[in-house]
Amino acid sequence: NHGTISPTASAISGTTNGINISNFGTMTNGGTAFPVISLGAPVSQAINATIFNSGTIRGVGTGADGILLQTGSCDITNTGIISGDQDDAIEINASVNPGLLSNRITNSGTIIGGANFAINLDADMDTVINTGLLLGNVELGGGVDFYDGRLGRIQGVLTAGAGNDTILGGAGDEAFFGDGDND
């Protein structure tokens, strides 16, 4: 996308494996309970997705995530803005094979969580590399997770969840909770 996508529901929705999305423009949703990008379906076969954003992905309304992946692995690169005005900017659930899938989020832009989280992950092996700005809380969930924010900032609380996690913070004042296991 190099323009504007603003439909009456989700801008992009899919359950097919191997989805690749690139956004250089503006994507919004059509209202309450519709994520801007909605991939996968609860308790179905896991999918793999790649998302690149250098524009704006903005979820508007209650229950409207910027990006929602319900099953599978995802590689998200953000150099622009991803937000969920009244929900999560990015939410990834591990409905199928929790703890066996991996997700990677690389942010050099801005990720803004509304009423919930900037990033909300589940029981997978998650990697978050943040050289930009995370506005809102971050939940890494269960599994062996890795967060590197040495060159970025987080304005919120990062909770690692269960699992042997590695958390590398930035130069500013940041709040981290390791939760269970060895962190």
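Residues numbered from 1 in each chain as written. Predicted model: local features only at pLDDT ≥ 70, side-chain atom pairs only at ≥ 80, totals over all residues. Heavy atoms only, no water.

Draft legend 1. Up close: the environment of glycine 80. Of note, glycine 80 is situated in the loop between strand E9 (72–78) and strand E10 (81–84). Glycine 80 sits in the buried class, given a relative accessible area of 10%. C-alpha separation for the pair glycine 80 and isoleucine 111, spaced 31 residues apart in sequence, amounts to 8.3 Å. Excluding residues within four positions of it along the chain, glycine 80 makes contact with Asn53, Ser54, Gly55, Gly109 and Thr110. (Helix = DSSP H or I, 4+ residues; strand = E, 2+ residues; numbered from the N terminus. Buried < 20%, exposed > 50% of the residue type's maximum accessible area, 1.4 Å probe, protein only. Contact = heavy atoms within 4.5 Å.)

Draft legend 2. Local environment of the pattern of salt bridges. Enumeration according to the criterion identifies 2 salt bridges in this entry. The salt bridge partner of arginine 58 is aspartate 85, with a shortest N-O separation of 2.5 Å. In this pair, arginine 58 sits in strand E7 (residues 56–59) while aspartate 85 sits in the loop between E10 and strand E11 (90–92), placing the two residues 27 residues apart along the sequence. Since its relative accessible area comes to 38%, arginine 58 is described here as partly exposed. Notably, a salt bridge pairs arginine 150 with aspartate 148, separated by 2.7 Å at the nearest N-O pair. (Salt bridge = Lys/Arg side-chain N within 4 Å of Asp/Glu carboxyl O.)

Draft legend 3. Structural detail: the pairing of strand E14 (residues 125–130). In terms of strand pairing, strand E12 (residues 102–107) meets E14 through 6 bridges, oriented parallel. The partner of isoleucine 105 across the bridge, within E14, is valine 128. (Pairing = 2+ DSSP bridges.)

Draft legend 4. Structural view of the sheet that holds E14. A sheet is described by the order of its strands in space; here 7 strands give the open sequence E3-E6-E9-E12-E14-E16-E19, paired in parallel fashion. Edge positions in the open sheet fall to strand E3 (19–23) and strand E19 (166–168), since each of these has one partner strand only. When strand polarity is set aside, the average angle formed by the axes of neighbouring strands in this sheet is 5°. Bridge count for E14 against strand E16 (residues 146–148) is 3 bridges, and the pairing is parallel. Opposite valine 128, over in E16, you have tyrosine 147 as the bridge partner. (Axes fitted to C-alpha atoms, helices over the stretch in contact; angles between N-to-C directions.)

None of the figures reported here should be taken as evidence of function without further support.
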